[in-house]
Amino acid sequence: MNRREFLKRAGGASAALGLANSMVGAGPGMFLALNTSLVGGKVPWPEFARLAAKVGYGGTDIDLPGATKEGLDATKALLAELKLKASFTNLPVNATRGDEAAFTKGMETLEDQVKFAAGIGCGRMMVVIPPGSQTPKEELRKTLLGRFQTVGAVLAKYNVRCGFEFLGPLQLRQRSPYPFIWQMNEMVEFAKDCGPSFGVVLDVWHWYHSGSTLDDIRKAGNSRIVLVHLSDAARMPPEEVRDNARLLAGEGVIDLVGVFETLKEMGWEGSVSPEPLGRISKELSAEDGAKLGLESAQAVMRKAGIDV
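I will try to describe carefully the structure that is included in this document. (Residues numbered from 1 in each chain as written. Predicted model: local features only at pLDDT ≥ 70, side-chain atom pairs only at ≥ 80, totals over all residues. Heavy atoms only, no water.)

### Focus on the overall build of the protein chain
Logical step 1: Along the protein chain, the regular secondary structure elements total 14 helices and eleven strands.
Logical step 2: Computed over the C-alpha atoms, the radius of gyration of the protein chain is 18 Å, within 12% of the 19 Å expected from 2.2 N^0.38 for a compact globule of 308 residues.
Logical step 3: Relative to its full complement of 308 residues, the protein chain shows a buried share of 56%.
Logical step 4: In the structure as shown, the protein chain presents an accessible area of about 13,200 Å², 51% of it carried by carbon and sulfur atoms. (Helix = DSSP H or I, 4+ residues; strand = E, 2+ residues; numbered from the N terminus. Rg over C-alpha atoms; globule rule 2.2 N^0.38 Å. Buried < 20%, exposed > 50% of the residue type's maximum accessible area, 1.4 Å probe, protein only. Areas by Shrake-Rupley, 256 points an atom, 1.4 Å probe, with all protein chains shown as cover.)

What follows is the structure, given as structure tokens:
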């Protein structure tokens, strides 16, 4: 399906507990941010940010190593010139794998990187939490809890928050002998235990495939939903679902309008990054891929009464 055909069919700690608009880099309402899944690795930073602005996004996901290479002042100036909000960047320390020595080594550079992110207006980070491991659940939970509490002390210093991304598809949960956290409600509780600097990534693909509900979104509340990832899904048996077989917003069966109506009713504010892994053809130009992500997301969100 080309773009024209698609469009025709689509038509400190206490502060961290506040609403999304109290966070570094957060503005009023929701905004769409360009995600790397739309451009196939064809556009490095800072050209990536320039593409986001050219296509019409309100924000951009941040390549922290690339931005750091450009420098703090240059990156701030670039985002200001392009009138782009910073969406999120990946948590720059590996807390979910490796031994304690490796984690401790990674912590040595965390504060400088968090300080830089906050300095360019990027007050949100994310990390993927494995849905299973070689370690029994309670043992892994204890390890990760300790590590993220350590990380949280650094994040809180710069008013930066981190979202835990839970992984819903059955295929991903079956790769390891011991299941871990893979549903939204349990991940929210884990985030609360880790501290006020943490919440969840509302990736609607994983939300749908984990059997989570609109009520789970409401129960999480504004302060625990750090950012949103957007894609759609075909109807298929759980055992056939593959993570890289996503659809553009509006092409599948996920109740995306319901999701956005719920977020709107809650007054949630923050970034929405289209992430249709596997949907954008490799032959498509980076600009056309970015446009497909933007226009499909806009079409769905407008049905929910949100103009972005």
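So much for the structure itself; the text now carries on.
### With respect to the layout of surface pockets
Logical step 1: Estimated volume of the largest pocket: approximately 440 Å³.
Logical step 2: In terms of lining, the largest pocket is formed by 26 residues, of which the most central are Asn35, Thr36, Asp61, Phe88 and Asn90.
Logical step 3: Mapped onto the lining of the largest pocket, the elements with two or more residues apiece are helix H4 (64-70), strand E4 (89-90) and strand E5 (124-128). (1 Å grid on protein atoms, 1.4 Å probe; cavity = no way out; pocket = protein on both sides within 12 Å on 5 of 7 lines; lining within 4 Å. Points joined across faces, edges and corners; volume = space filled by probe spheres on them.)

### Concerning the side chain of His229
Logical step 1: Within the secondary structure, His229 is located in strand E10 (residues 225-230).
Logical step 2: Residues contacting His229, with those up to four places away along its chain left out, are Asn35, Phe88, Met126, Glu165, Val201, Leu202, Asp203, Val204, Ser273 and Glu275. (Contact = heavy atoms within 4.5 Å.)

### Re the sheet that holds strand E7 (residues 161-165)
Each strand in a sheet pairs with its neighbour through backbone hydrogen bonds, running either in the same direction (parallel) or in the opposite one (antiparallel).
Logical step 1: Read from one edge of the open sheet, nine strands run E3-E2-E1-E11-E10-E9-E7-E5-E4, paired in parallel fashion. Of all strands in the sheet, those with a lone pairing partner are strand E3 (85-86) and E4, marking the two edges.
Logical step 2: The pairing of strand E1 (residues 30-34) with strand E11 (residues 270-274) spans three bridges and is parallel. Of the residues in E11, the one forming a bridge with Phe31 is Ser271.
Logical step 3: Strands in contact with helix H8 (residues 137-157) are E5, E7 and strand E9 (198-203); relative to E9, the strand with the most contacts, it is inclined by about 95°. (Pairing = 2+ DSSP bridges. Axes fitted to C-alpha atoms, helices over the stretch in contact; angles between N-to-C directions.)

### Focus: the packing of aromatic side chains
Logical step 1: Under the criterion given, the structure shown has six aromatic pairs.
Logical step 2: Where Phe164 meets Phe190, the ring centres are 5.4 Å apart and the plane angle is 35°; that geometry is what we call tilted. With Phe164 in strand E7 and Phe190 in helix H10 (residues 184-194), this residue pair connects regions lying 26 residues apart in the sequence. The burial state of Phe164 is the same as that of Phe190; both residues are buried.
Logical step 3: Site record: aromatic cluster; members linked through ring pairs are Phe148, Phe164, Phe180, Phe190 and Phe198.
Logical step 4: Seen from the ring of Trp182, Arg173 lies directly overhead, with NZ or CZ sitting 3.6 Å from the centre. (Phe/Tyr/Trp six-rings, centres within 6.5 Å; stacked < 30°, edge-to-face > 60°. Lys NZ or Arg CZ within 6 Å of the ring centre and 35° of its normal.)

### Here we look at the packing of H8 against H10
Logical step 1: The N-to-C vectors of H8 and H10 enclose an angle of 45°; their axes lie 9 Å apart at closest approach. Overall, the two elements H8 and H10 adopt an arrangement that is oblique. Like other packed secondary-structure pairs, H8 and H10 cross with a definite hand, here right-handed. Touching Lys137, Arg141, Leu144, Leu145, Phe148 and Gln149 of H8 are Glu186, Glu189, Phe190, Asp193 and Cys194, all from H10.
Logical step 2: Tallied by class, residues from the contact of H8 with H10 come to five nonpolar, one polar and five charged. (Parallel < 35°, antiparallel > 145°, perpendicular 65-115°, else oblique. Left-handed = near helix turned anticlockwise from the far one by under 90°. Nonpolar A, V, L, I, M, F, W, Y, C, P; charged D, E, K, R; others polar.)

### Overview of the environment of Pro92
Logical step 1: By the element assignment, Pro92 lies in the loop between E4 and helix H6 (100-107).
Logical step 2: Along the primary structure Pro92 and Glu111 are separated by 19 residues, whereas in three dimensions their C-alpha atoms are 9.6 Å apart.
Logical step 3: With sequence-adjacent residues up to four places away left out, Pro92 is seen in contact with Leu64, Leu110, Gln113 and Met125.

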